[in-house]
Amino acid sequence: MKKIEAIIRPSKLDEVKTALDELGIRGMTVSDVKGRGLQETEKQYFRGQEHIIDLFPKTKLEIICQDNSAEDIISRILSICRTKKKGDGKIFIYPAERVIRISTREEGGAAL
Amino acid sequence: MKKIEAIIRPSKLDEVKTALDELGIRGMTVSDVKGRGLQETEKQYFRGQEHIIDLFPKTKLEIICQDNSAEDIISRILSICRTKKKGDGKIFIYPAERVIRISTREEGGAAL
Amino acid sequence: MKKIEAIIRPSKLDEVKTALDELGIRGMTVSDVKGRGLQETEKQYFRGQEHIIDLFPKTKLEIICQDNSAEDIISRILSICRTKKKGDGKIFIYPAERVIRISTREEGGAAL
Amino acid sequence: MKTKWRWLYTITTLLMVMFGLPIIAAGADAPVIDTGDTAFIMISTALVMIMTPGLALFYGGMVRKKNVLGTIMQSFACMALVSVQWVLIGYTIGFGPDINHLIGGMQWMGMSGVTGDPNPLYSATIPHSVFVLFQLMFAIITVALISGAFAERMRFSIFVAFVLLWTTFVYDPLAHWVWGVDGWLRNLGALDFAGGTVVHISSGISGLIACIVLGRRRASGAEPMVPHNLPITMLGAGLLWFGWFGFNAGSALGANGLAASAFLVTNTCAATAAISWAAAEWLHHGKTTALGVASGVVAGLVAITPAAGFVSPASSILMGLIVGPLCYFAVSKIKTKLGYDDSLDAFGIHGVGGIFGALATGVLASTEINPAGFDGLLFGNPHQLLVQLIAVAATIVFASTVTFVILKVLSVFAPLRVSEEEEETGLDLTQHGEDAYSYGNSLSIVQV
Amino acid sequence: MKTKWRWLYTITTLLMVMFGLPIIAAGADAPVIDTGDTAFIMISTALVMIMTPGLALFYGGMVRKKNVLGTIMQSFACMALVSVQWVLIGYTIGFGPDINHLIGGMQWMGMSGVTGDPNPLYSATIPHSVFVLFQLMFAIITVALISGAFAERMRFSIFVAFVLLWTTFVYDPLAHWVWGVDGWLRNLGALDFAGGTVVHISSGISGLIACIVLGRRRASGAEPMVPHNLPITMLGAGLLWFGWFGFNAGSALGANGLAASAFLVTNTCAATAAISWAAAEWLHHGKTTALGVASGVVAGLVAITPAAGFVSPASSILMGLIVGPLCYFAVSKIKTKLGYDDSLDAFGIHGVGGIFGALATGVLASTEINPAGFDGLLFGNPHQLLVQLIAVAATIVFASTVTFVILKVLSVFAPLRVSEEEEETGLDLTQHGEDAYSYGNSLSIVQV
Amino acid sequence: MKTKWRWLYTITTLLMVMFGLPIIAAGADAPVIDTGDTAFIMISTALVMIMTPGLALFYGGMVRKKNVLGTIMQSFACMALVSVQWVLIGYTIGFGPDINHLIGGMQWMGMSGVTGDPNPLYSATIPHSVFVLFQLMFAIITVALISGAFAERMRFSIFVAFVLLWTTFVYDPLAHWVWGVDGWLRNLGALDFAGGTVVHISSGISGLIACIVLGRRRASGAEPMVPHNLPITMLGAGLLWFGWFGFNAGSALGANGLAASAFLVTNTCAATAAISWAAAEWLHHGKTTALGVASGVVAGLVAITPAAGFVSPASSILMGLIVGPLCYFAVSKIKTKLGYDDSLDAFGIHGVGGIFGALATGVLASTEINPAGFDGLLFGNPHQLLVQLIAVAATIVFASTVTFVILKVLSVFAPLRVSEEEEETGLDLTQHGEDAYSYGNSLSIVQV
Ligand SMILES: Nc1ncnc2c1ncn2[C@@H]1O[C@H](COP(=O)(O)OP(=O)(O)O)[C@@H](O)[C@H]1O
Ligand SMILES: Nc1ncnc2c1ncn2[C@@H]1O[C@H](COP(=O)(O)OP(=O)(O)O)[C@@H](O)[C@H]1O
Ligand SMILES: Nc1ncnc2c1ncn2[C@@H]1O[C@H](COP(=O)(O)OP(=O)(O)O)[C@@H](O)[C@H]1O
């Protein structure tokens, strides 16, 4: 199994959810993170003191899936989240070993 | 080593902490996430506009442990968090390669 | 590729960011977590009821990098975050399989 | 006709001036509005009104995040419901022409006969409708106070019914007993300047009964129930303190020396109690908490309420010194010991502080401060303490009995509490379909 | 000279007392300040002032987190800008000596000639400058109300220009029409006790025009636009309710029976509308929300504003019962149907509630409540409803036309809206270089 | 006896009326309470009181999340401590019978002799106790203001001691110098309507000394110290603005034209300074911030405080235009340049703005506005500016010296600052054992 971790613009979350629903992928975990990469900084001012923002609000999406559905999920995310501007985010893929649904103790594919 | 990632109901956190304490497992990282799976949606209203909640507040527990303690930890979590209702959560297991305790630079089992 | 996950004191974040900048490592994802390990508890009181804090505010830093830059990153984090006191945090290393930059669809090293 | 005899009135008036008689007495049948008094009581009414939103924040900050709107809603519901009930029947039950010393008659039902002219029975220098409004704000906050006792678990529909029944069957009669012309406790000589018995004891004791009837909040495991937003609790305490000046000084029903005296002791007692509560905490566990200071302020304000127009600054300091540790002991020790779940300490602060204040009034009241009052035990009149004891006992018995009956009756029709699952999810979502905060980057909801 | 004739004055006074004539009439050419009235209106001014920070919270809690400071800033900008504009020219345009029944002359420009003596044209018992201040607070909140309609998308520089133009070219003339001596709507006999037309209809309708001209907020996908902090919205509603007592009761310009009457119906209508809005929600989708109760309160306060000094408590209950569901229908159905994006329902509540209130005044006004007013339809004077209709129509036509022109003119110089990217990032950061909250452990910014 | 001579009094009164003499003058030895004035000052007292919770929010929002309760607690501690100190000794030190033009005698210690009758020395138309209360609220906020300078690092026990010492040894004597009958600065003719020197310069300069003595906040790395909750800061600014009307207009000690004039210039200066601060920011870095507008409002209110009863609206606009950029320059440039860590700019705004205001009063004061005052430089009286300079210099020297001594003495007994580790953890947890917010799903604590 794979863990797909996508760091995306928060404003894209809704569309991604809908798109994955269409693929039949419902299970996902979402969290608020901050990140930086190539995105350019913005400025903030407090009583004349200048500050630069170098961590931007992002949404992290974690989806554990069967190896064979990974490609579909990735391409959906890519097609929705790509505005071609800096700050669009990244997708990381990791190996996952096991998954258990707590309510039923089911494991593996059945647990997804 | 393994990384155990459990997505559970926030209200179960306290019991899980206590149970793992009993196992001698103290180290853990906890974060607030939102997620969805089979759990059913609820409704919200703002000036008559209906919205559905499709991401539910969950608690993510991350525990890095030796391969051989994984099973114990998992079964404890399962026994506490299982109410048999949708929304109980999931447990994911991933491989971990290394662990370092910053204060002492210890590595591996000694660092847990 | 590797995923370096460092759980550090929030007050060290700024220095770590600067240090990694010097290494040419800009991409990172940061999130607020709570955790426990050996750090000792503190007390809180609400109308005379005593509570103990057993999860402390920490900052989680995630950096996906090439295998060969991992060592550098780790040693920088170690040198900055180590106060030798309990609660300094931990560093975990995991395997990562793939990375994609959404804006360009670049993969692997080019995407970092 | 009227003009024909006007000269007589005028001459009489002039003669009276000449003989130094107070005109107001002669004008009792046509009392004249004093704009200063009227301004003061109208603004005091507004000050008392803002106490309830203040209470909403005070309580709202203390509950868990998932229940904050549910808690705030309870205060706002009281404002809406009691405002209408009061205009329709509440005021006249409380202050209408006495029936058997127990209840007011229906003369002013629906505000009929209530005009902009003074009602000299209660306040000769302000419009009758101002008196109605001022008293309304007391009725609102009293029932809102109770909600602290059973916070985080009552069904909203039950709450609505409870408010209407309680204000009608507990508050309105009690107000008549203590403040209504010919009310039996008033006739007995019970002193309650601004509502120690009527407001605080009644709400505190009713809260205690209610939280016992409803039972403890459910917590899976040792889930701690800690305040989710103390800054708004502190703001709430600030607004309560602010509004309480209207509450206590306004109870003089005029902008005069008595109001000033009440204002002074109110502030002094609040301040002293904040210090003494903080000192008690500090002796107990070595820290002085913000919530403790806020709680001490409220405890002090509660204690001085019945005494405000009758005691000296020195007495108010004494009362503040005692009430802080007393209430701290009640909320930190007695509650745990006895095991009732008075979530936000409505009983521990308003009940305990109110009883203390009412009795202390019987000890410390002085006719030097207010010749219209009585002396207390300390000034040679032990009888007054007895009277206060009777007033306290009567309030406790009456309020607790009727509250118990109301809840039992309601529980016949529907469960009083939310279900276990709803309690876990929280009142905001289950009772009101809302989420208080949406601070995250990633939204959890989708528009339909 | 003066002393020489003093005896005559004194004797006259005495004679007048003897003949029962009101002394004040004799003193009309040299009106005397009444300290009670003055105290009441100065404090009422402060109460109306706090409504705008209250509105800032009410609105600020309803927007998304990234726009909360931008929203609050709009209210504060109104306070700053209108305060200065009013002193310089606003007041005299509104209340200066009439020119053609349309506008006031420049006599009081820059406060010249405005002193601590009363101006008996408007208020014979309070300093002229108090009247100026009281009216100022109305001017401030009116333009601040509009900002709810186009929340989350207007550029701040445009907003500043809009405020100055709108208050000068819409508010000031309108105030003259309705309240200025010899204003044409006043001469026509239009009743508007505290600003149903001038404040609420004008802001509501202007908001509608503005949100249509600016267009809908952009949302990628179905991104829901939900309140980010409802507790501060509730606090805002509490402060609005509190301040509104100054708004409506203060509009009696004295601490008298009329003020008391306005106070009573204001509170009653707010409470009833909260209940009726909540009931409408409950019938619609089965829940009563905190935001709904707050919205109902505001709708009730809006509706009663023009009527406050003219109607009975019973009438205010009736108005509250109607306006709650009416506005709920407007914001939940009509808005969706017609598709305009009145973000925070400035039109849906102030426009719709204001129109209803102005017309209801034409039906329910009674000279029994206020002999200086007129009877409405229900009391045998259908003509009054016609007059109210004319006032409403005139306000709608005038406000919407001028608002439209102002926005079109401004759009020639610069875009009215922030760019799509700025809208995604939020007003706080892009317009003001600030982040409202920094709750996290890990900070996102570095000092330069 | 009394009645026997009553006729004489009555006849005298009638004669006086006949001869047009003001009765009040005759009654100078037995001054009569004016209900309007009393209502106004009691409510103004409440308004000034709410400023301190307002300040708690204003400051609390500006600190980091981990210090918000610690910051709010400092304001609440001032309310509690000074309220008691004032009643016991503070008031009589400030306003008791003069001793050597430096300090008041002990006549009113513990409120002995303070009654509901007026004290014509200070205010002939309101109860003495109202005057005491009104002045108390000034004493409270003054010491609370200082806390902004050393925010986020002082130990709470030291703060408590500091408050008691500072209010007794700095505030009370200063109040006597400037406002006490026979105080030397008052005798000199220094103008300070509502506390430019006594409140703002004294607190600002003391803050500066304190923050230098305590040293900078420690920050590991470049950890930025940014506001954690600007919406509550804006609310705090709103409450300060609101309460300041009581502060400045109430300082007329009556509901009269002078109060109205003070009210008008207060509002105008606040508004203008908000605009001019925002303009300065905009010129500096291209954005106008919410915090900037709030800061400008406060700077304007500070500047107008000494001048409020003496200057015209036009002068207040001028003052507002200057003080905004001036304070902005102080906080954004001078502070960085000189390197002191005045955390929340108590000196930068109250010190700098207060000095400016006191001097501007010496320039712009006009006897046309207030015949009981003096003309300033601009109206041909350069001497007044000199007097103001002396008052400013005396305040600076006195306040800074005594503050320094107090802190040095305290530091002998215990460290002034929290330890480095405590500073990292935050005041809330280390000083008060509390966490301000608990917004997360997952709680960090367990009940014992
Ligand atoms: N090497 C990395 N390790 C972890 N997270 C990263 C890394 N690079 C980027 N990110 C995350 O991806 C987000 C998007 O990056 P972005 O600013 O779009 O840069 P890029 O243009 O390099 O994709 C960042 O905000 C950060 O959270
Ligand atoms: N495939 C998945 N990938 C990542 N997280 C998941 C996945 N499925 C479920 N989760 C997480 O587990 C939580 C619990 O899921 P739940 O609603 O109980 O569904 P299920 O009944 O499928 O276990 C979800 O809220 C989500 O956070
Ligand atoms: N076994 C573990 N699994 C996951 N996270 C851990 C583990 N041990 C420690 N942590 C995380 O590292 C943080 C720092 O741990 P710390 O208190 O310094 O303990 P230690 O002294 O063991 O390093 C913890 O707060 C927690 O978030």
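As a reminder, the structure under discussion sits directly above these lines.
Residues numbered from 1 in each chain as written. Chains lettered and ligands numbered in written order. Predicted model: local features only at pLDDT ≥ 70, side-chain atom pairs only at ≥ 80, totals over all residues. Heavy atoms only, no water.

A.B. asks: When you look at the relation of the copies chain F and chain D in this model, what are you seeing that I'm missing?
C.D. replies: The second copy of the chain is related to the first by a rotation about an axis and a shift along the axis. It takes a turn of 120 degrees to lay chain F on chain D, together with a shift of 0.0 Å along the axis; the resulting RMSD is 0.0 Å. Within this description, the copies of the chain are treated as partners about a three-fold rotation axis. In terms of proximity to the rotation axis, the leading residue of chain F is Gly-36 of chain F, whose C-alpha is 2.1 Å off the axis. Of the interface residues in chain F, just 14% have counterparts in chain D that sit at the interface too, so the contact is made through distinct surfaces. (Least-squares fit on C-alpha atoms with pLDDT ≥ 70 in both. Contact = heavy atoms within 4.5 Å.)

A.B. asks: How do you make sense of the site of ligand 3 when you look at a structure like this?
C.D. replies: Lining the immediate environment of ligand 3, one finds 20 residues, of which Thr-29, Ile-64 and Arg-101 of chain B together with Gly-35 and Lys-90 of chain C sit closest. For ligand 3, an oxygen atom lies 3.2 Å from a polar atom in the backbone of Gly-35 of chain C. A total of 540 Å² of accessible area belongs to ligand 3 in isolation, and the protein chains cover 99% of it. Among the secondary structure elements, those contributing two or more residues to the shell around ligand 3 are β2 (28-36) and β5 (56-65) of chain B together with β2 (28-36) and β6 (89-95) of chain C. Grouping the constituent residues of the shell around ligand 3 by class yields 7 nonpolar, 7 polar and 6 charged. (Near = heavy atom within 4 Å. Polar contact = N/O pair within 3.5 Å; in protein donor to acceptor, adjacent residues only side chain to side chain. Areas by Shrake-Rupley, 256 points an atom, 1.4 Å probe, with all protein chains shown as cover. Helix = DSSP H or I, 4+ residues; strand = E, 2+ residues; numbered from the N terminus. Nonpolar A, V, L, I, M, F, W, Y, C, P; charged D, E, K, R; others polar.)

A.B. asks: Got a minute to help me understand the sheet that holds strand β4 (residues 49-53) of chain C in this structure?
C.D. replies: Strand pairing in a sheet relies on backbone hydrogen bonds, with the paired strands running either antiparallel or parallel. Strands sit in the order β3(C)-β4(C)-β5(F) across an open sheet of 3 strands; the sheet is antiparallel. Strands with a single pairing partner mark the edges of an open sheet, and in this sheet they are β3 (42-46) of chain C together with β5 (445-447) of chain F. With strand direction ignored, the average angle separating the axes of adjacent strands in the sheet is 35 degrees. By the bridge criterion, 3 bridges tie β4 of chain C to β5 of chain F in an arrangement that is antiparallel. The residue of β5 of chain F that forms the bridge with Ile-53 of chain C is Ile-445 of chain F. (Pairing = 2+ DSSP bridges. Axes fitted to C-alpha atoms, helices over the stretch in contact; angles between N-to-C directions.)

A.B. asks: Can you walk me through the site of ligand 1 in this structure?
C.D. replies: Taken together, 20 residues sit near ligand 1, with Gly-35 and Lys-90 of chain A together with Thr-29, Ile-64 and Arg-101 of chain C positioned nearest. The site occupied by ligand 1 is bordered by residues of chains A and C. Within the side chain of Lys-90 of chain A, one N or O atom sits 2.8 Å away from a nitrogen atom of ligand 1. Between ligand 1 and the protein, one listed contact pairs an oxygen atom with a side-chain N or O atom of Arg-101 of chain C at 2.7 Å. The fraction of the free accessible surface of ligand 1 (540 Å²) that becomes covered by protein chains is 98%.

A.B. asks: Help me out: how do you make sense of the packing of helix α6 (residues 156-179) of chain E against helix α8 (residues 196-214) of chain E in this one?
C.D. replies: Two packed helices can be described by the angle between their axes and the distance between those axes. All names here are of chain E. Between α6 and α8, the least distance of the axes is 10 Å, while the angle of their chain directions is 145 degrees. The chirality of how α6 crosses α8 is right-handed. Contacts between α6 and α8 involve Trp-166, Tyr-171, Leu-174, Ala-175, Val-178 and Trp-179 from the former and Thr-197, Val-198, Val-199, Ser-202, Ser-203 and Ser-206 from the latter. A breakdown of the residues in the contact of α6 with α8 according to their chemical character gives 8 nonpolar, 4 polar and no charged. (Left-handed = near helix turned anticlockwise from the far one by under 90°.)

A.B. asks: Sorry, what's going on with the environment of Ile-317 of chain E here?
C.D. replies: By the element assignment, Ile-317 of chain E lies in helix α12 (residues 313-338). Assessed through its relative accessible area of 16%, Ile-317 of chain E is described here as buried. Along the primary structure Ile-317 of chain E and Ala-273 of chain E are separated by 44 residues, whereas in three dimensions their C-alpha atoms are 8.1 Å apart. Sequence-distant contacts of Ile-317 of chain E, defined by excluding residues within four places in its chain, comprise Val-87 and Leu-88 of chain D together with Thr-268 and Thr-272 of chain E. (Buried < 20%, exposed > 50% of the residue type's maximum accessible area, 1.4 Å probe, protein only.)

A.B. asks: Teacher, can you tell me more about the interface of chain C and chain E here?
C.D. replies: Contacts between chain C and chain E engage 11 residues on the former and 7 residues on the latter. Along the contact surface separating chain C from chain E lie 0 salt bridges. Applying the counting criterion to the chain C and chain E interface returns 4 residue pairs in polar contact (both at pLDDT 80 or more). Every element with two or more residues in the side of chain C that touches chain E is listed here: α1 (13-22), β2 and β5 (56-65) of chain C. With 4 residues, β2 of chain C is the single largest residue contributor to the side of chain C that touches chain E. In terms of residue class, the side of chain C that touches chain E is built from 5 nonpolar, 2 polar and 4 charged. (Salt bridge = Lys/Arg side-chain N within 4 Å of Asp/Glu carboxyl O.)

A.B. asks: In this structure, what is going on with the sheet that holds strand β3 (residues 42-46) of chain A? I would like to understand it.
C.D. replies: The strand order across the open sheet formed by 3 strands is β3(A)-β4(A)-β5(E), and the pairing between neighbours is antiparallel. Where the open sheet ends on each side, the last strands, each with one partner, are β3 of chain A together with β5 (445-447) of chain E. For this sheet, the mean angle separating the axes of adjacent strands, direction not counted, is 35 degrees.

A.B. asks: So what exactly am I meant to see when it comes to helix α3 (residues 35-62) of chain E here?
C.D. replies: Every α-helix carries 3.6 residues per turn, so stepping three or four residues along brings you back to the same face. Residue and element names in this part refer to chain E. Counted at 1.5 Å a residue, the expected span for α3 with its 28 residues is 40 Å, and the 41 Å between its end C-alpha atoms agrees. By the criterion of burial, α3 is predominantly enclosed, with 28 of the 28 residues buried. With a side-chain oxygen positioned 2.8 Å from the backbone nitrogen of Gly-36, the residue opening α3 is Asp-34. (Expected span 1.5 Å × (residues − 1).)

A.B. asks: For this particular structure, what's the right way to read the pairing of strand β4 (residues 49-53) of chain A?
C.D. replies: In summary, the side chains of a regular strand alternate between the two faces of the sheet. Residue and element names in this part refer to chain A. Every second residue of β4 is oriented toward a common face, the buried set being Gln-49, His-51 and Ile-53 and the non-buried set Glu-50 and Ile-52. Strand direction decides the pairing type here: β3 and β4, joined by 5 bridges, are antiparallel. In the sheet register, Glu-42 faces β4, and the bridge partner there is Ile-53. The hairpin formed by β3 and β4 contains 2 residues between the paired strands, and Arg-47 there has a positive phi angle of roughly 45 degrees.

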